[in-house]
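So you can see what is in the structure, the chains are spelled out below.
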Amino acid sequence: MSSPAAPAADAPEGTWAVVVSAFAVITTTLASGVLFKGYLDLAKIPGPTPAMDQIPDTPAAQSALQWMQIGGGIYIVAALLAIIGLAAGIHFARRPLGFGRGVWAIALAACTPVLAIMLLTGMGAT
């Protein structure tokens, strides 16, 4: 006779919340790479690196700015995924069958803003 707790350990409740939070972390990393590519393209323009409000209107500069805008848009998607993962993680952490996955979803969602700050700070340091 099996115990009633055995099926609960294998319950997949909350798995999607962990996946959404993991995608938030991956998307944050992708956004930082795209934003940094645009930043490096701006730095490759001949001459001193201008302030953001004094960037020349050249095709190379416009391309770099477009990469930076795309990176910013991807950051917004990552933030939305992190909020969804956090809310779902809180929901599942309050349920007996989804506690473990809920906690993982919360932890991964909380990593997203920290990762973004670390990556942006690293880019600023270069």
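What counts and what doesn't
- Sequence order sets the numbering: in each chain, residues are counted from 1 along the sequence as written.
- Reporting of local features is limited, given that this is a predicted model, to residues whose pLDDT is at least 70; pairs of side-chain atoms are given and counted only at 80 or more, and all residues count toward the totals for whole chains, interfaces and linings.
- Excluding hydrogens and water, the side-chain figures rest on all heavy atoms present in the structure.
- By the criteria applied, helices consist of DSSP H or I runs no shorter than four residues and strands consist of E runs no shorter than two, each listed in order from the N terminus.
- Only C-alpha atoms enter the radius of gyration; for comparison, a globular chain is expected to reach 2.2 Å times N to the power 0.38, where N is the number of residues.
- When accessible area is computed with a 1.4 Å probe and restricted to protein chains, residues below 20% of their type maximum are described as buried, those above 50% as exposed, and intermediate ones as partly exposed.
- When checking whether two residues touch, look at their non-hydrogen atoms; a contact exists if any pair is within 4.5 Å.
- Each accessible area is a Shrake-Rupley estimate made with a 1.4 Å probe; only the visible protein chains count as cover when residues are assessed.
- Put simply, buried Ala, Val, Leu, Ile, Met, Phe, Trp, Tyr and Cys residues joined by side-chain atoms within 4.5 Å make one nonpolar core.
- A pair of aromatic rings is counted whenever rings of Phe, Tyr or Trp (Trp by its six-membered ring) have centres within 6.5 Å, and the orientation is called stacked for planes under 30 degrees apart, edge-to-face for over 60 and tilted otherwise.
- Whenever a carboxyl oxygen of Asp or Glu lies within 4 Å of a side-chain nitrogen of Lys or Arg, that contact is scored as a salt bridge.
- For patch building, the residue pool is restricted to those with more than 30% relative accessible area and no salt bridge; the joining distance is 9 Å between like charges and 5 Å between nonpolar side chains (Val, Leu, Ile, Met, Phe, Trp, Tyr).
- Axis definition: a line fit to C-alpha positions, over the contact stretch in the case of helices; interaxial angles, taken between N-to-C directions, run 0 to 180 degrees.
- The labels follow the angle: roughly parallel below 35 degrees, roughly antiparallel above 145, roughly perpendicular from 65 to 115, and oblique for the rest.
- Here a crossing is taken to be left-handed if its near helix is turned anticlockwise relative to the far helix by less than a right angle, and right-handed if that turn runs clockwise.
- Under the grouping applied here, Gly and all other residues not named as nonpolar or charged are polar, the nonpolar ones being Ala, Val, Leu, Ile, Met, Phe, Trp, Tyr, Cys and Pro and the charged ones Asp, Glu, Lys and Arg.

## Topic: the overall build of the protein chain
When helices and strands are tallied, the protein chain shows four helices and zero strands. Here the C-alpha radius of gyration of the protein chain, 20 Å, is well above what a compact globule of 126 residues would show, namely 14 Å. Oriented by its inertia axes, the alpha-carbon framework of the protein chain measures out at about 75 × 25 × 20 Å. Considering the protein chain as a whole, with its 126 residues, one finds that 31% of them fall into the buried category. Of all intrachain contacts in the protein chain linking residues separated by at least 6 positions in sequence, the fraction that spans at least 24 positions is 75%. Total accessible area on the protein chain is roughly 7,800 Å²; 74% of this is exposed by carbon and sulfur atoms.

## Digging into the nonpolar core
Of all hydrophobic cores here, the largest spans 13 residues; its most connected members are Leu35, Leu42, Ala61 and Tyr75. Per-element accounting of this core gives the leading share, five residues, to helix α3 (residues 59–93). For Ala61, the residues in contact, after removing those within four places along its chain, are Leu42, Ile45, Ile55 and Pro56.

## Digging into the packing of aromatic side chains
Summed over the entire model, instances satisfying the criterion amount to two aromatic pairs. A centroid spacing of 5.8 Å and a plane angle of 80° characterise the contact between Trp16 and Phe92, whose relative ring orientation is edge-to-face. Of this pair, Trp16 sits in helix α2 (residues 15–43) while Phe92 sits in helix α3; the two residues are 76 residues apart in sequence, bridging distant segments of the chain. Between Phe36 and Tyr39 the ring centres are 6.1 Å apart and the planes differ by 15°, which places this aromatic pair in the stacked class. Here Phe36 and its partner Tyr39 are both found in helix α2, three residues apart, which amounts to about one turn of the helix. A residue is classified by how much of its surface remains accessible, and Phe36, at 21% relative accessible area, is partly exposed.

## A closer look at the pattern of salt bridges
The final tally for this structure, using the stated rule, is two salt bridges. When the shortest N-O distance is used, the salt bridge between Glu13 and Arg95 registers 2.7 Å. With Glu13 in the loop between α1 (5–9) and α2 and Arg95 in the loop between α3 and α4 (99–125), this pair connects stretches of sequence that are 82 residues apart. Given a relative accessible area of 37%, Arg95 falls into the partly exposed group.

## Concerning a nonpolar patch on the surface
Nonpolar side chains collect at one region of the surface, where Val19, Phe23 and Ile26 lie side by side and expose about 280 Å² of accessible area between them. Take Val19: it is sitting in helix α2. A residue is classified by how much of its surface remains accessible, and Val19, at 38% relative accessible area, is partly exposed.

## Describing the packing of α2 against α3
Taken N-terminus to C-terminus, the directions of α2 and α3 make an angle of 165°; their axes are 7 Å apart at the nearest point. By the criterion of interaxial angle, the relationship of α2 to α3 is roughly antiparallel. Considering only the axes of α2 and α3, their crossing is left-handed. Looking at side-chain class alone, the contact of α2 with α3 contains 27 nonpolar, nine polar and two charged residues.

Purely geometric numbers; function is a separate question.
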